[in-house]
There are 2 protein chains.
Amino acid sequence: MFELKERDGLARICTLYTKNGILETPALLPVINPNKILISPKELKEKFKTDSIITNAYIIWKNEAFKEKCLAQGIHAAIGFEGPIMTDSGTFQMYEYGDLGISPEEILDFQCQINTDIATMLDIISPLDAKYETAKSDALETIRRAERAVKRKKETLLACTVQGSIYTALREHCAKELSKLDCDIFAIGGVVPLMETYRFENLAEIIISAKQHLTPSKPVHLFGCGHPMIFSLAALLGCDLFDSSSYAKYAEDGRMLFPDGTRSFEQIVHSSCLCPVCEKFDELKELESSERVKKIAEHNLYVSFAEIRKVKQAIYENTLWELVEQRCRAHPTVFQALKSILKHKEFLERFENLYRKSFFYVSQESLERPAIHRYEKRLFERYEKPNAKILVILPEGKKPYSKTYSEIIEKFPNMHFVVDSVLGPVPIELDELYPVGQAVVPRDTNASAKARMELLLRRYIEHFDYPIAVVWESGENLEILKEPSEKALDFDFMRVKAVADMQFGKDARKALFNGRKIKLKKSQTGRIRNVFADNIHILSVRNDGFFTLKFEGGKLLHEFFSYPKLRVAVNDDSAEFVVQGKNVFSKFVTDCDENIRPYDEVLIVDSKDNLIGIGRALLTKMEMLSFKRGIAVRVR
Amino acid sequence: MFELKERDGLARICTLYTKNGILETPALLPVINPNKILISPKELKEKFKTDSIITNAYIIWKNEAFKEKCLAQGIHAAIGFEGPIMTDSGTFQMYEYGDLGISPEEILDFQCQINTDIATMLDIISPLDAKYETAKSDALETIRRAERAVKRKKETLLACTVQGSIYTALREHCAKELSKLDCDIFAIGGVVPLMETYRFENLAEIIISAKQHLTPSKPVHLFGCGHPMIFSLAALLGCDLFDSSSYAKYAEDGRMLFPDGTRSFEQIVHSSCLCPVCEKFDELKELESSERVKKIAEHNLYVSFAEIRKVKQAIYENTLWELVEQRCRAHPTVFQALKSILKHKEFLERFENLYRKSFFYVSQESLERPAIHRYEKRLFERYEKPNAKILVILPEGKKPYSKTYSEIIEKFPNMHFVVDSVLGPVPIELDELYPVGQAVVPRDTNASAKARMELLLRRYIEHFDYPIAVVWESGENLEILKEPSEKALDFDFMRVKAVADMQFGKDARKALFNGRKIKLKKSQTGRIRNVFADNIHILSVRNDGFFTLKFEGGKLLHEFFSYPKLRVAVNDDSAEFVVQGKNVFSKFVTDCDENIRPYDEVLIVDSKDNLIGIGRALLTKMEMLSFKRGIAVRVR
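Here the structure is a predicted model, which means the values were calculated and not measured.

> Requested: an account of the overall build of chain A, with residues and values cited.
For chain A, the count of helices and strands is 26 helices and 29 strands. Seen through its C-alpha atoms, chain A measures out along the principal axes to roughly 95 × 60 × 50 Å. Relative to its full complement of 636 residues, chain A shows a buried share of 63%. Here the analysis covers contacts within chain A between residues at least 6 apart in sequence; of these, 68% occur between residues at least 24 apart. Taken as a whole, chain A presents about 24,400 Å² of accessible surface, with 50% of it coming from carbon and sulfur.

As structure tokens, this is what we get:
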């Protein structure tokens, strides 16, 4: 069982339930080699507060004495760790040394016998740069083995592995096939050789191609990923579990892990790490070699767990994009991986939260975040221009001389104003909407950004078919264009109409406002706070510029838009709880509008499309229908 | 006295000598408020290993009892700190509360009387957004006070302050005037209000305008800068000293400092800081308020000192640009500050090291580093094309089918090859030179980078006046262009000639090779390692592609180029030590070629321009003539 608690796009904080307790993801499972224990499970728990560990069932099976101990006492007692234990199957050993002398079935049964919490199937890693045909046959064999494995797993959770080398079509196929099976965890395998050779672009492409087809309600384990440089990027793409033998392997060569790369301890003259090991950095050099390896391994764990917590905090704050844009400066190949991710905007947008508290433009890449992509898309698909013939283009940061937009609109009823913003053209009535209203942008931008602005502005003028477009440069220009006004447009009304379309879809303005007497209640600072239709409170406006839906507002949308638009349908048994204001749990959701995004306002309906509640969605359609546990919609 | 030990462009690790011991810069001096001691000087030394502290002489002077104690025992005993103590003068209090009731002379004398190690003049901070005239009169008064102050300072080191608000012309004037005076430290003052309002672009401009005119052999103190977010950027611009009351001020509001920004402790759900305070993060919330303030202040100090060490390690590794490109993602205003710094390439290039171990292209901004600017400049000013009519443009990463460049050159003697690299056009004989040979570049680049490539390539073709330029696309193109070869060009020879011009200046190839029989010694991997002229070893080639000069090579350059080109002249007393192979100390340098850059190979000459040695410069001309202590040239 896997339950989502917080999210930032594909990245998520979840709870994974196992026989021996829960583990919170994103999580890093340190690898224990039972033949060569560098840091004991006890120390891992006490010093590093790890929820869970991973060890290797094949290595245990090969060690006759320890094997017997595990069979007799169970792995938890034998290894000395109370809490979730995952076991690997020997796949990597098979990749390195060939035939293991044990069948996939035997190694899986063995894992169940020693009472592991999460067992792993014995899959096949294709060699680095394997030909397509080899990779294909390895992937197909992995799928066949997975099909056999799910039948034997009993109450142990089972991880099945997506293979397919660097061929995204194979990874996609493998992901689709595994999603049909009753496995509990998806592992993305065969990526260690890529990480060792800094092919992070391939890694990112592999994760995306798998993730697009994996059942969203199950955790994704990026097998063998133990470098903190990559955690934020992998989490951004929806990876939940990591395991690290890197902490120990790197330590053997005196190499210290950091979120900005790897350094040999000998290279470090001024240590800036604050971990308990580095507090006594100068003593490291004096230590006897094996003692130093242990200390460096401890450092590597401190830093790796800290980076996992950093990622979790960023998910919690909805600032993971900002974190990734920092972290990707660690190495040009990581930077390249981010660039390649940005090509998958359509996919990323589907999971992107409707809004965040802030939007920091901190690099050229900020402009390519899914939030910007969504704004651009909705602008051209949903936004409806007001009834004005002349488009006045305002350079960003420059307001016309008059004090407020509504004054200007009143003065020049035949004109409409658009801000030529770095994020794209912003009709002034949308200037408080996320991300444009929240974005903090550097003063000057580069040629690429300027070219994009120009392109989008031109598209805007053509798309909305303005016969005249002028650039506002000074107060005088406006005077020249001035025309007598019969009846002034109501700017505030323009704003609520435009936001309604951007948020709920094209023509939402008609649903909510047409033929009704609209009143707006404003805050002391002049921002619209509440919208009334025929004296009924239908909408509130948040700081991110979007609406919170009142039940009466929901009714209007429900009448106007036909099923399934904006709907989350629940089974009739749970309907009465929704009516009482209880949250909607995923397992009760029977259907859902596929255009719903995390944090969207939604209409909750019963099996006959009766409106029974209003709330904020936490999940996308695919997720609602997939998760067995946890909240799908927070009901108001 | 101030001595340079390591550098990365303007950033430097130096030793500052005071009456009470030395302090290593970049350094952060924690502020002690004697009326309100949050963390005692003893704790600062023991827990945080601080070299030195700063306190406020005006606050001491106002506190009758403590004043008497300081006068009687000296400030070190009174405050309980053995080691360099700097005192501030009350400038900020005057800015906040007006007249202090003490004259600039009195407060300076008081600082000398209590035996402070570094005293600060009482200068005048202009209000934020002061009009030019106000800022000017404040700056001029500050200069007049500085002139009076230097006469009274006795053996105490004196910090004089550059003022001038956001007006760079005023800052420049002030810097020039202070540089004429016998003060020991330059402070850049009046920047706290800018930092508090996130105007980091103004801050950067102010530092650059001052730094351009300040005597380079004295430390620069960025007064009131205590946020770790800014240390790397300020160090990159040549700031050596920082002071922090921020650690305490922010702590009072529960705000925790990080290199990527500020967070309230209440915002943090998953703490990723590894400092001893955050190790027990969950206990913070339980603490009684004043105890929590102290703990958060400790965290702020741990993190701030760690960031100073991070900067030092980066200077040591020559990776400060990479660090700044990471750190500037903390906030759009810091990103903007970096953008604005990049406009000062000419200035930055003067201090830029000749080479580094690596060059990581990690953002759009990497292309604008001074190392790239220098390559571009020297290419058009110094490089001489070989005698070939046809230019063949090779797309980056694609080599023609033949195995080595020398084979190609032999096959196509009328052609010359240039790589259309993201860093700019690279004639193939320069492809091992820093930064092009060392650069690690992401696979794909954005529109701005592509536009720049196109522009530079066009300029290259025009500048070198190739009648024919073709883009190499496949093996066949080369076949078509094939012409019979009478005598093949020697590619290796082309390479050493081109590098000689790029490193030593236009026509260096003539100085070193013309009319001489040249032999090259190669490594097993085929790289040129040593160059012989008429059987005499004149040059060695390093991994960064540049030459190390042998004495005989130096003689050739010395004969060919007239004084002062490539020279460092020393006084005749020190000449005999140079002949013995001793290093050249700054104080013996009498003159120097102004085009010498850090790490350049130089000719050491006596007063009659006799060549007496060869070495590697550590300083620029201005620095050599300014520093009283430390090595100017490492002699071989």
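Here the narrative resumes, following the displayed structure.
> Tell me about the packing of helix α1 (residues 41-48) of chain A against helix α14 (residues 289-317) of chain A, and please be specific about residues and values.
All names here are of chain A. Two elements in contact, α1 and α14, have axes separated by 12 Å at closest approach and are oriented at 50 degrees. With respect to α14, the element α1 is oriented oblique. Considering how the two elements wind past one another, α1 and α14 form a crossing that is right-handed. Note on element contacts: α14 touches α1 through Lys-294, Glu-298, Leu-301, Tyr-302 and Phe-305, opposite Glu-43, Leu-44, Lys-47 and Phe-48. A per-class count over the contact of α1 with α14 returns five nonpolar, no polar and four charged.

> Mind laying out the interface of chain A and chain B, listing which residues take part and the relevant values?
Many authors give the size of an interface as the accessible area that is lost as the parts come together. On the chain B side, the residues contacting the 49 residues of chain A number 49 residues. Interface area, chain A with chain B, both sides summed: about 4,400 Å², of which 53% is carbon and sulfur. Its largest share of buried area at the contact with chain B, chain A owes to A:His270, A:Leu274 and A:Arg329, together 17% of the area lost on that side. The interface formed by chain A and chain B holds eight salt bridges in total. With its nearest N and O atoms 2.8 Å apart, the salt bridge here joins A:Asp260 to B:Lys310. Seen at the junction of chain A and chain B, the total is 26 residue pairs in polar contact (both at pLDDT 80 or more). Elements with a minimum of two residues in the side of chain A that touches chain B: α14, α15 (320-327), α16 (332-341) and α20 (447-463) of chain A. With nine residues, the top contributor of residues to the side of chain A that touches chain B is α14(A). Broken down by class, the residue content of the side of chain A that touches chain B amounts to 21 nonpolar, 13 polar and 15 charged.

> Which residues make up the confidence of the model for chain A, and what values go with them?
Across chain A, the average pLDDT comes to 92, with 95% of residues at or above 70. In this model, residues 476-489 of chain A is a region of pLDDT below 50 whose contacts with residues beyond four sequence positions or in other chains number 26 contacts.

> Go over the pairing of strand β8 (residues 157-162) of chain A with me, naming the residues and quoting the values.
All names here are of chain A. Taken across its six residues, β8 has six buried, putting it largely inside the fold. Burial along β8 is two-sided: Leu-157, Ala-159 and Thr-161 and Leu-158, Cys-160 and Val-162, pointing in opposite directions, are all buried. Summarising the sheet, strand β7 (residues 118-120) and β8 pair through three bridges and their orientation is parallel. Bridging from a neighbouring strand, Ala-119 pairs with Leu-158 of β8. With four bridges joining them, β8 and strand β9 (residues 185-188) adopt parallel strand pairing. If you follow Cys-160 over to β9, its bridge partner there is Phe-186. Handedness of the β-α-β unit built from β8, helix α8 (residues 168-179) and β9 comes out right-handed.

> Can you explain helix α7 (residues 132-152) of chain B? Please cite residues and give values.
Residues and elements named next belong to chain B. With 21 residues, α7 extends 31 Å from end C-alpha to end C-alpha; this agrees with the ideal 30 Å at 1.5 Å per step. All of the buried residues in α7 are Ala-135, Asp-138, Ala-139, Glu-141, Thr-142, Ile-143, Arg-145, Ala-146, Ala-149 and Val-150. Looking one or two residues past α7, Lys-154 carries a phi angle of roughly 55 degrees, positive in sign.

> Explain the pattern of salt bridges to me, and be specific about the residues and the numbers.
Counting across every chain of the model gives 102 salt bridges over all chains. In this structure, B:Arg263 and A:Glu317 form a salt bridge, with 2.8 Å as the shortest nitrogen-oxygen distance. With B:Arg263 in strand β13 (residues 261-264) and A:Glu317 in helix α14, the pair connects residues from two separate chains. Exposure remark for A:Glu317: the relative accessible area of 13% places this residue in the buried category. A:Arg542 is the partner of A:Asp544 in a salt bridge, and the nearest nitrogen-oxygen pair spans 3.0 Å. Judged by its relative accessible area of 7%, A:Asp544 falls in the buried class.

> If you had to explain the sheet that holds strand β2 (residues 11-18) of chain B to someone new, which residues and values would you point to?
Residue and element names in this part refer to chain B. One open sheet holds the three strands; their spatial order is β1-β2-β3, and the pairing between them is antiparallel. Unpaired on one side and paired on the other, β1 (2-8) and β3 (21-25) mark the two borders of the sheet. Recorded for the sheet is a direction-independent mean angle of 15 degrees between the axes of neighbouring strands. Sheet topology places β2 next to β3; five bridges connect them, and they run antiparallel. Opposite Thr-18, over in β3, you have Gly-21 as the bridge partner.

> Pulling in residues and values, what's your account of unusual backbone geometry?
Omega for the bond connecting A:Tyr434 with A:Pro435 falls within 30 degrees of zero, at 0 degrees, which places this linkage in the cis form. Looking at the secondary structure, you find A:Pro435 in the loop between β17 (424-427) and β18 (439-440). Residues B:Thr25 and B:Pro26 are joined by a peptide bond in cis, for which omega reads -5 degrees. In this structure, B:Pro26 sits in the loop between β3 and β4 (27-32). Located in the positive-phi region is B:Asn115, a residue other than glycine, with phi close to 70 degrees.

Calculation notes
Residues numbered from 1 in each chain as written. Chains lettered and ligands numbered in written order. Predicted model: local features only at pLDDT ≥ 70, side-chain atom pairs only at ≥ 80, totals over all residues. Heavy atoms only, no water. Helix = DSSP H or I, 4+ residues; strand = E, 2+ residues; numbered from the N terminus. Buried < 20%, exposed > 50% of the residue type's maximum accessible area, 1.4 Å probe, protein only. Contact = heavy atoms within 4.5 Å. Areas by Shrake-Rupley, 256 points an atom, 1.4 Å probe, with all protein chains shown as cover. Axes fitted to C-alpha atoms, helices over the stretch in contact; angles between N-to-C directions. Parallel < 35°, antiparallel > 145°, perpendicular 65-115°, else oblique. Left-handed = near helix turned anticlockwise from the far one by under 90°. Nonpolar A, V, L, I, M, F, W, Y, C, P; charged D, E, K, R; others polar. Buried area = accessible area lost by both parts, 1.4 Å probe. Salt bridge = Lys/Arg side-chain N within 4 Å of Asp/Glu carboxyl O. Polar contact = N/O pair within 3.5 Å; in protein donor to acceptor, adjacent residues only side chain to side chain. pLDDT = per-residue confidence, 0-100. Pairing = 2+ DSSP bridges. Right-handed = clockwise from strand over helix to strand, strands pointing away. Expected span 1.5 Å × (residues − 1).

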